[in-house]
Structure formats: C-alpha cells, structure tokens
Amino acid sequence: MSVTGEHDPSALPPEEMQRAQLYALLARLLARPPGGEFLAALAALDGDASPLGQALRGLADAARGTDAAAVEEEFNTLFIGVGGGILSPYGSYYLTGFLHEKPLAELRGDMALLGIARADEVKEPEDHIAALAEMMAGLITGAFDAPADLEAQRRFFDRHIGSWAGRFFTDLESTPSAAFYRAVGTLGHRYLEVEGKAFDMAA
C-alpha cells in the first residue's frame, strides 16, 4: 500500500501502538515468509497469561522450532502452490466463494475515501489478509493521513476484516500442512477476538 501521511506514530498512546504493531506483525507474516533474522526476533517474543499473550508465546516457540527454508516451503504450500495454495487469503473468496467479487470492489471504494492506494509493484488484490492488516495498522498510526478515529477503524474492521478473517485464521490453525503458520493462525484468531470485543465495548 502507498503511504501518504506524515503523522508521527510515536505520539500515539502505547496501547494504540501495540495494536498497530500486532496488525503490522500479522501483515508481515502473511505477506511473505520470514527469513532467518526475523525468525530469531520472533523467537524472542514473550507474552502474558492472557489468550493473546499465550498466542505470542506460541509463535515464539514455533519460530524456535523451525528455520527459514522450512517456513518458506510451508508458506508456498499454504498460500501459493501450483495453481493455488491450500488456503485462499482473500476476503472475496471467503465471502462469496470467488475472487475479485463485490467485497473487493467495496474495499476499493473505502480505500479511495480513506486515501489508501495499492503500490504499483503490488500485484495481489487488495483484499488479501496481509494488505488488510497493513491498512488497519496504517489507520491506527496515521500512515495514510491523520490517525482514524475508533468509529472509522471499526467500520473498516467490520466491513473488511471482521466479516471473514476469523474463519481464515481458524482454517489456518487447523490445516494439517501448517506447522509454523498454525501459530500464526492462533495469533490472528485471538487478536481478532480482542479487537472485536474492544470495538463492541467502545460503541
């Protein structure tokens, strides 16, 4: 995604930075497989006793138990494959059973209103889960303009993430071909639960 804003994210409250960082982490893990240095950084993660904290610990354990070559092979099997991977990480597919359908058109309309544009070098449709997580991080930090208020964040989340991504992460958790990415699925699933409850409480 292209970034047009100049807002300083360090001015955000710590809890908002943590939200953005978790979205950015999911975006990075689902856009491409982590290399050796990133896996080493993931292995150092820690978490508290909450379900989300335990998911972070699980991701750290998974990172310690693999290497970059194995994760790349797993990523390709899950998401790329010959003629397509095991899972389709696109909102249109989960909501309609097909790619490039109405949910993608609706997303593009909302992106235009929010000042978000796909970067020229990006070929994936914008409703890829990694792109959506990146957009949520940008809405929180003000990467595309000023930080979006909670109501705008909730509208985007409900329309383009909450409506389907929980099912994607559940599928990722339960797919036999997933090993490292099973932990990613758990982290995504639990984080979306936290986000959904927080938005409901703020309503």
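Computed from a predicted structure; not experimentally measured.

Caption draft 1: Quick look at the packing of aromatic side chains. Per the counting criterion, the structure on display carries 12 aromatic pairs. Measuring from ring centre to ring centre gives 5.4 Å for Y94 and W164, while their planes differ by 35°; the resulting arrangement is tilted. Of this pair, Y94 sits in helix α5 (residues 91–96) while W164 sits in the loop between α8 (150–160) and α9 (165–174), and the two are 70 residues apart along the sequence. The same class applies to Y94 as to W164, namely buried. The rings of F75, F79, Y93, Y94, W164, F168, F169, F180 and Y181 are connected pair by pair, giving a single aromatic cluster.

Caption draft 2: Representation of the nonpolar core. Ranked by size, the top nonpolar core spans 58 residues in total, and within it L30, F168, L172, F180 and Y181 carry the most contacts. Take this core: its biggest share by element is 10 residues, from helix α7 (residues 129–141). If near-sequence neighbours (up to four positions away) are discounted, F180 is found in contact with L29, P34, L39, L42, L59, A62, A63, T66, V71 and E74.

Caption draft 3: Looking closely at the pattern of salt bridges. Scanning the entire structure with this criterion turns up 11 salt bridges. Across the salt bridge formed by R155 and E151, the nearest N and O atoms sit 3.9 Å from each other. Of this pair, R155 and E151 both sit in helix α8, separated by four residues, roughly a single helical turn. Here R155 falls in the partly exposed class, since its relative accessible area comes to 47%. Judged by its relative accessible area of 44%, E151 is partly exposed. When salt bridges with common partners are traced through the structure, they connect E16, R19 and E195 into a single cluster.

Caption draft 4: The confidence of the model for the chain, seen in detail. Per-residue pLDDT for the chain has a mean of 93; in total, 95% of the residues score no lower than 70. Counted against residues more than four places away or in other chains, residues 1–5, with its pLDDT under 50, gives 24 contacts.

Caption draft 5: Representation of unusual backbone geometry within the structure. Positive phi outside glycine occurs at H100, with the angle close to 60°. With respect to the helices and strands, the residue H100 is situated in the loop between α5 and α6 (102–114). With relative accessibility at 53%, the residue H100 sits in the exposed group.

Rules used in this analysis
Residues numbered from 1 in each chain as written. Predicted model: local features only at pLDDT ≥ 70, side-chain atom pairs only at ≥ 80, totals over all residues. Heavy atoms only, no water. Phe/Tyr/Trp six-rings, centres within 6.5 Å; stacked < 30°, edge-to-face > 60°. Helix = DSSP H or I, 4+ residues; strand = E, 2+ residues; numbered from the N terminus. Buried < 20%, exposed > 50% of the residue type's maximum accessible area, 1.4 Å probe, protein only. Core = buried A, V, L, I, M, F, W, Y, C linked by side-chain atoms within 4.5 Å. Contact = heavy atoms within 4.5 Å. Salt bridge = Lys/Arg side-chain N within 4 Å of Asp/Glu carboxyl O. pLDDT = per-residue confidence, 0-100.

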